[in-house]
Amino acid sequence: MTKYNSPVRVPFLDLRRQYAELEAAIDADVKEILSTGAYVMGKHNKGLEEEVARYHGVRHAIAVNSGTDALRIGLDALGIGAGDEVITVAFTFVATVEAIVQVGAKPVFVDIRREDQMIDPALIEAAITPNTKAIMPVHLWGQMADMAAINAIASKHNLLVIEDAAQAIGSTQGDKGAGNFSQVAGISFYVTKNLGAAGDGGMIVTNDDTVADTCRSMRIHGMGKERYYYDHIGYTSRLSELQAAILRHKLTQLDEWTAMRQAIAAKLIAGLEGSGVSLPVTRAGNNHTWHQFTILAPRRDELQAFLKEREIDSMIYYHAPYKHLAAEGSLPVTEQPSLEVLSLPVHQYLRDDEVAWVCESVKSFL
Ligand SMILES: *Cc1c(COP(=O)(O)O)cnc(C)c1O
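Given the structure is predicted, the values throughout are model-derived calculations rather than measurements.

## Some words on the site of the ligand
The full set close to the ligand counts 16 residues, and G67, T68, D164, S188 and K193 are the nearest of them. Between the ligand and K193, the relevant distance is 3.1 Å, taken from an oxygen atom to a side-chain nitrogen or oxygen of the residue. For the ligand, whose accessible area on its own is 380 Å², the fraction buried by protein is 94%. Breaking the shell around the ligand down by element, the ones donating at least two residues are α3 (67-77) and α4 (94-102).

Below, the structure is given as structure tokens:
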């Protein structure tokens, strides 16, 4: 096949522009940190924790080394471990399930709703057993799972709730930010997330003082209030001051970046109307921050190859990596969208001509 002569190349992300916007401020902090030697547990960690707590309207934010660690330490701090079952989804990034398995608990999968690819609360009760300890919904693509329904089930059956809020920095439901609907939640600052570090990073958020204390201890080997006395078996999960400083600068831009993503998502939705693909659905009450713009497309793999030829990047999130752990045929919807999902570029710097080229290309394929 000859290479198509595209008018524009549409990248999935533009990290260099995030840095360029903030270059002078970031460079000054990086230089200061390197020259003073205050590399860990310093003022930028403290500042970022306060700022994220305020941003999400939660009492506590505890900086850690990744979103995965935020979830692992959160589960561990709640006392979830061997013999416990945690109800979650197979349609997610691998880390959700990794965190459950790594604390020694067993993931139990329920199916998702086709329209938003998140946990279907109507299926949760059937998965509850005497060993069920918690429900762990995943806030996917930048909007939140149906927390009213999930929490009603949790309180009826006396279960804990952990929000996988890795993709949900700034996302709200009603008037409350992610992290306010559970005992503990984990946010990710991985490079490609809406608030991304120059490497790995994460944040535990919680309104529970005891859980917060345990998490603070666990991130530094379980160290107690007294130095070098250890209360828990913990983790090595400090966030570098360099990452914290970079994240603080990016956080000042996040509302603006989110508004830009929302405007681009609206243009994509308008431009793809009638194209034959299923468009993303925003649930009532959710403020969607558009971490991903994920369509369901017939002949998905062919469409992806077609877009690639037109120099448009796209990604397949997710292949439901753990669906084999569920009984065959027990997750019919998970197995459906995982074959059809395609995430299109929705980063904040997309230009109108790029959005138009994406829409025109998808339309001309179908
Ligand atoms: C990114 C992500 C994680 C893990 O975060 P890391 O910072 O990469 O460890 C967990 N769950 C979901 C849904 C994610 O998207």
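## Some thoughts on a nonpolar patch on the surface
Nonpolar side chains collect at one region of the surface, where L34, Y39, V40 and M41 lie side by side and expose about 360 Å² of accessible area between them. Inspection of the secondary structure assignment puts L34 in helix α1 (residues 15-36). Residue L34 is classed as partly exposed on the basis of its relative accessible area of 47%.

## A look at helix α5 (residues 147-156)
M147, I150, I153 and A154 are the residues of α5 that are buried. Taken around the axis of α5, the buried residues stretch over an arc of 130 degrees, which confines them to a single face. Turned more than 90 degrees away from the buried face of α5, the exposed residues are A148, S155 and K156. Structurally, α5 contributes buried residues whose contacts are with β4 (132-135), β5 (160-164) and β6 (172-173). In the segment just after α5, N158 is the residue with positive phi, at about 60 degrees.

## Quick notes on the pairing of strand β8 (residues 184-188)
With five of its five residues buried, β8 lies for the most part within the structure. Burial of β8 is two-sided: the residues V184, G186 and S188 facing one way and the residues A185 and I187 facing the other way are all buried. When β8 meets strand β9 (residues 202-206), the two strands line up antiparallel, connected through four bridges. Within β9, the position partnered with S188 by the bridge is G202.

## Quick notes on the packing of aromatic side chains
The way to describe two aromatic rings as a pair is by their centre distance and the angle between their planes. Tallied over the full model, the rule gives eight aromatic pairs. Consider the rings of F91 and W141, whose centres lie 6.2 Å apart with planes at 80 degrees: the pair is edge-to-face. Of this pair, F91 sits in the loop between β2 (85-88) and α4 while W141 sits in the loop between β4 and α5, and the two are 50 residues apart along the sequence. Judged on exposure class, the residue F91 and its partner W141 are both buried. With centroids separated by 5.3 Å and ring planes inclined at 45 degrees, the aromatic side chains of Y317 and Y318 adopt a geometry described as tilted. In terms of burial, Y317 and Y318 fall into one category: buried. Looking at K176, its charged tip hangs above the ring of F181, at a distance of 5.4 Å from the centre. Looking at R310, its charged tip hangs above the ring of F306, at a distance of 3.8 Å from the centre.

Cut-offs and rules
Numbering of residues starts from 1 in each chain and follows the order in which that chain's sequence is written. Under the rules for a predicted model, residues below a pLDDT of 70 receive no local features and side-chain atom pairs below 80 are neither given nor counted, while totals for whole chains, interfaces and linings still include all residues. Hydrogens are left out, water is left out, and the side-chain values use all remaining heavy atoms of the structure. Summary of the distance rule: residues count as near a molecule or strand when at least one heavy atom falls within 4 Å of that molecule or strand. By the criterion applied in these results, polar contacts are pairs of N or O atoms within 3.5 Å in which, for protein atoms, one can donate a hydrogen and the other can accept it, and in which residues neighboring in sequence qualify only through two side-chain atoms. Only the protein chains shown count as cover for residues, and the accessible areas themselves come from Shrake-Rupley with a 1.4 Å probe. A run of H or I in DSSP counts as a helix once it spans at least four residues, and a run of E counts as a strand once it spans at least two, with each numbered from the N terminus. The patches reported here contain residues having more than 30% relative accessible area and no salt bridge. Joining distances are 9 Å for like charges and 5 Å for nonpolar side chains (Val, Leu, Ile, Met, Phe, Trp, Tyr). Counted as salt bridges are all cases of a side-chain nitrogen of Lys or Arg within 4 Å of a carboxyl oxygen of Asp or Glu. Residue burial is assigned from relative accessible area. The probe radius is 1.4 Å, only protein chains are included, and a residue is buried under 20% of its type maximum, exposed over 50%, and partly exposed in between. What the arc measures is the spread of directions leading from the helix axis to the C-beta atoms. Residue contacts are counted whenever heavy atoms from the two residues lie within 4.5 Å of one another. In this scheme, strands are said to pair when DSSP sees at least two bridges between them. Here the aromatic set is Phe, Tyr and Trp, taking the six-membered ring for Trp, and pairing holds for ring centres within 6.5 Å; pairs whose planes are under 30 degrees apart are stacked, those over 60 apart are edge-to-face, and all others are tilted. By definition here, charges over rings are those cases where NZ of Lys or CZ of Arg is within 6 Å of the ring centre and within 35 degrees of the ring normal.

Coordinates in, geometry out; function isn't part of it.
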